Amino acid sequence: LCRVVLLCDEVSEMLDKTGLGSEEKRIFAEIEKELSTLARLGRAPGINMILATQRPDANVLAGQIKNNLPIRISGRMMDDPASKMVLGNTEATKIDDEIKGRFMYNVGADTYEFQGYLFTEGALEKGSFQRGSMLIDGAAGRDVPDEEAPDDIDLEDDPDDEYYPFADELQGIE
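Worth saying up front: this structure is predicted, and the values here are computed from it rather than measured.

A. Here's a closer look at the pairing of strand S4 (residues 102–107). Pairing of strand S3 (residues 71–74) with S4 involves 4 bridges; the strand directions are antiparallel. Each residue of the ladder has a partner; that of Ile 73, found in S4, is Tyr 105. Here 6 bridges tie S4 to strand S5 (residues 110–115), and the two strands are oriented antiparallel to one another. Each residue of the ladder has a partner; that of Phe 103, found in S5, is Phe 114. Between S4 and the antiparallel strand that follows it, S5, lie 2 residues; Gly 108 among them carries a positive phi value of about 65°.

B. Looking closely at the sheet that holds S5. Reading across from one edge, S3-S4-S5 is the order of the 3 strands in this open sheet, with antiparallel pairing throughout. In this open sheet, the two edge strands, each paired with only one partner strand, are S3 and S5. In this sheet, neighbouring strand axes are inclined to one another by 25° on average, regardless of whether the strands run parallel or antiparallel. The strands touched by helix H4 (residues 80–87) are S3 and S4; relative to S3, the strand with the most contacts, the crossing angle is about 150°.

C. Spatial organisation of the nonpolar core. The biggest cluster of nonpolar side chains holds 10 residues, and these are Cys 8, Val 11, Leu 15, Leu 35, Ala 39, Met 49, Val 60, Leu 61, Ile 65 and Leu 69. Listed by contribution, the elements that provide at least two residues to this core are helix H1 (11–15) and helix H2 (22–41). Setting aside its immediate chain neighbours within four residues, Leu 35 contacts Leu 6, Val 11, Met 14, Leu 15, Met 49 and Ile 65. One finds Ala 82, Leu 87, Ala 92 and Met 104 within the second-largest nonpolar core, a separate group that totals 7 residues.

D. Structural detail: the confidence of the model for the protein. Across the protein, pLDDT averages 75, with 70% of residues at or above 70. For the protein, per-element mean pLDDT is lowest for helix H5 (residues 133–140), which scores 41, and highest for S5, which scores 91. For residues 132–150, every residue scores under 50 in pLDDT, and the model assigns this stretch 21 contacts once sequence neighbours within four places are set aside. A low-confidence stretch, residues 169–174 (pLDDT under 50), is modelled with 6 contacts involving residues beyond four sequence positions or located in other chains.

E. Fine view of the side chain of Ser 12. Here Ser 12 lies in helix H1. Among the residues examined, Ser 12 registers a relative accessible area of 1% and is labelled buried. A polar contact of 3.2 Å, which involves the side chain of Ser 12, links it to the side chain of Thr 53. The contacts of Ser 12, once residues within four sequence positions are left out, are Thr 53, Arg 55 and Val 60.

F. Layout of the pattern of salt bridges. One pass over the full model with this rule turns up 7 salt bridges. With a closest N to O distance of 4.0 Å, Lys 33 and Glu 34 form a salt bridge. Glu 91 is the salt-bridge partner of Lys 94, the closest N and O atoms lying 3.3 Å from each other. Beyond isolated ion pairs, a larger network of salt bridges with shared partners links Glu 30, Lys 33 and Glu 34.

About the thresholds
The residue count restarts for each chain, going from 1 along the sequence in the order it is written. Only residues with pLDDT of at least 70 get local features here, since the model is predicted, and only at 80 or more are side-chain atom pairs given and counted; chain-wide, interface and lining totals rely on the full set of residues. Side-chain numbers here rest on the full set of heavy atoms in the structure, without hydrogens or water. Two strands form a pair only when DSSP identifies at least two bridges running between them. The way it works is that DSSP assigns letters per residue, a run of H or I at least four long becomes a helix, a run of E at least two long becomes a strand, and they are numbered from the N terminus. Interaxial angles span 0 to 180 degrees and are taken between N-to-C directions of axes, which are lines fitted to C-alpha atoms, for helices over the stretch in contact. We call two residues in contact when some of their heavy atoms are within 4.5 Å. Residues grouped as a nonpolar core are buried Ala, Val, Leu, Ile, Met, Phe, Trp, Tyr and Cys residues, joined through side-chain atoms within 4.5 Å. A simple rule labels every residue: compare its accessible area, found with a 1.4 Å probe on the protein chains alone, to the largest value its type can have, and call it buried under 20%, exposed over 50%, or partly exposed in between. Note on scores: pLDDT gives the predictor's confidence for each residue, bounded by 0 and 100. Any pair of nitrogen or oxygen atoms within 3.5 Å is treated as a polar contact; in protein, a donor-acceptor pairing is required on top of that, and neighbouring residues in sequence qualify only through side-chain atoms on both sides. Within this document, salt bridges are pairs made up of a side-chain nitrogen of Lys or Arg and a carboxyl oxygen of Asp or Glu, the two lying within 4 Å of each other.

Shown next, in the form of structure tokens:
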């Protein structure tokens, strides 16, 4: 099954109708209607939606869209209503603010806490990465020693690239 991912960062900017004229509201309502249809019918054929916002608001994200998103993730929230808007409970207000990168997610009625990655500016250096090495190692069932790792990776698909044969395996295509 081929997967399609629709990613929308700051969905509130796309769906907030506050202060718009009637023509703009009509356009925004059409966008909301299409997102609602995708949320409702898209999972079975492999269309997944990732909608992100820093401002959860009932006036922005319609209940029909929200109710058809099977998993919700939240960082620490300052107040109960915002946590209830995202997770359906107040657990996001209980996240320890001393631990960076801590999140809550829920699936159905169950809420779980998890630790995300934290990258500080000092830890990031230009060119100090191996594109896809973790995925490739796991998919191929082998370790790639650092000395085998290429210094300079071309981001284009190249059939002569030593990692290219694993691309289909990573996507589950044979």
